[in-house]
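# Overview (structure and organization)
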Amino acid sequence: MQLELISEACSFEGRQQTYRHSSRVCDCDMQFAAFLPPAAEAGPVPAVYWLSGLTCTEENFSVKSGAQRYAAELGLAVIIPDTSPRGVGIAGEDEFMNVGTGAGFYINATQAPWSAHYRMYDYVARELVAVVNGNLPVDPDRKSISGHSMGGHGALTIGIRNPGEYRSISAFSPISSASRSAWGKQALAAYLGPDESAWLAYDAGAVIRSAPSHHELLVEQGGADPFLDELRPDDLKKACESSGQKLNFRERAGYDHGYFFVGTFIGEHLRFHAEALA
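### Regarding the overall build of the protein
A tally of helices and strands in the protein yields nine helices and nine strands. Against the globule reference of 19 Å for 278 residues, the protein gives a C-alpha radius of gyration of 17 Å, in line with a compact fold. Taken along its principal axes, the extent of the C-alpha atoms in the protein is 50 × 40 × 35 Å. Across the 278 residues in the protein, those meeting the buried criterion constitute 57%. Taking the intrachain contacts of the protein between residues at least 6 apart in sequence as the baseline, contacts between residues at least 24 apart amount to 71%. Within the structure as shown, the protein displays about 10900 Å² of accessible surface, and the carbon and sulfur contribution to it stands at 48%. Charged side chains in the protein number 22 positive and 33 negative. The centres of these two groups are separated by 5 Å.

### As for the side chain of Ser146
With respect to the secondary-structure elements, Ser146 resides in strand 6 (residues 138-147). Take Ser146: its relative accessible area is 2%, and that puts it in the buried class.

### A short note on the nonpolar core
Ranked by size, the top nonpolar core spans 65 residues in total, and within it Phe32, Ile79, Phe105, Ile158 and Tyr191 carry the most contacts. Residue contributions to this core peak at nine residues, all from helix 3 (residues 120-135). Once residues within four sequence positions are removed from consideration, Ile79 is found in contact with Phe32, Ala33, Ala34, Ala47, Val48, Tyr49, Trp50, Leu128, Val132 and Leu136. One finds Ala33, Val48, Ala67 and Leu277 within the second-largest nonpolar core, a separate group that totals 20 residues.

### Some thoughts on the pairing of strand 8 (residues 216-222)
The buried count for strand 8 comes to six of seven residues, which makes it a mostly enclosed element. Summarising the sheet, strand 7 (residues 170-172) and strand 8 pair through three bridges and their orientation is parallel. The residue of strand 8 that forms the bridge with Phe172 is Glu220.

### So, the sheet that holds strand 6
Here six strands make up an open sheet; going across it, the order is 1-2-3-5-4-6 and the pairing mixed. Both edges of this open sheet fall to strand 1 (4-11) and strand 6, since each of them pairs with a single strand only. Sheet twist, expressed as the mean angle between neighbouring strand axes with direction ignored, is 20°. Where strand 1 meets strand 2 (residues 14-23), seven bridges bridge the pair, whose relative direction is antiparallel. Within the sheet, the bridge partner assigned to Ser11 lies in strand 2 and is Gly14.

### Section: the pattern of salt bridges
Pairs can form between side chains of opposite charge once their charged atoms are near each other. Tallied over the entire structure, the rule returns 14 salt bridges. With its nearest N and O atoms 2.6 Å apart, the salt bridge here joins Arg86 to Asp82. Overall, the relative accessible area of 5% leaves Asp82 in the buried class. Asp122 serves as the salt-bridge partner of Arg119, at 3.3 Å between the closest nitrogen and oxygen. Arg119 gets classed as partly exposed once you look at its relative accessible area, which sits at 25%. The network of salt bridges with common partners includes Glu220, Arg250, Arg252 and Glu268.

Here is what the cut-offs are and how they apply
Residues numbered from 1 in each chain as written. Predicted model: local features only at pLDDT ≥ 70, side-chain atom pairs only at ≥ 80, totals over all residues. Heavy atoms only, no water. Helix = DSSP H or I, 4+ residues; strand = E, 2+ residues; numbered from the N terminus. Rg over C-alpha atoms; globule rule 2.2 N^0.38 Å. Buried < 20%, exposed > 50% of the residue type's maximum accessible area, 1.4 Å probe, protein only. Contact = heavy atoms within 4.5 Å. Areas by Shrake-Rupley, 256 points an atom, 1.4 Å probe, with all protein chains shown as cover. Lys, Arg positive; Asp, Glu negative; His and termini not counted. Charge placed at Lys NZ, Arg CZ, Asp CG, Glu CD. Core = buried A, V, L, I, M, F, W, Y, C linked by side-chain atoms within 4.5 Å. Pairing = 2+ DSSP bridges. Axes fitted to C-alpha atoms, helices over the stretch in contact; angles between N-to-C directions. Salt bridge = Lys/Arg side-chain N within 4 Å of Asp/Glu carboxyl O.

Written as structure tokens, this is what we have:
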């Protein structure tokens, strides 16, 4: 699949790029960002897929996280998809923070009108991987996944449901039980309909309870996060405890939900992934 290079900049002797391509899965143009470390000049490198949160684009993490410094040192590519289709002409797509533009929730919508385009689970787990493997100097057998908030939910659900595809899984402040969160309930009802049993395939806690992964999950949570009622971290801990899922849960006192928090600990997460990808 042909990629259109939108922007490129040198960063820590690597390249920070933004691409556009035609997505068959989402039936629209999609964009993603990619950081390629200096090591990519010599041959394929492992990749960490980063999933961003509500209202974000592929740009937020690229600009705010400071991940390039660590990825360059560790020889990791970082692939950052957008969080939803954009401008597809769905009525109300820009009305809510947590439904529509910037809020794909990394699920495959089954309800019209969303089902025509909002298929972010298949986009991230299948199509984007194929696009990246076919066009960028990455090792297709070495990839990991991480994300923040809504993207943390996506990283956990996609990673755990596809355990053989990812060497490691981590998350910052994930929405741990989307079916019990007000943010998630509105989105899941819109995308999947009123049958709440259908929501559980995209609820990290429910996925862990039904089919825990062999991975040890690394989860970072700010102790001063104002959105704990929506994120429901205790649900994640209980699900892991009841299922035997290995979990390294680290609560960071004084840290909130934003990118100062992510930027403080992103180096530790990239080192965690680099060890698994070595």
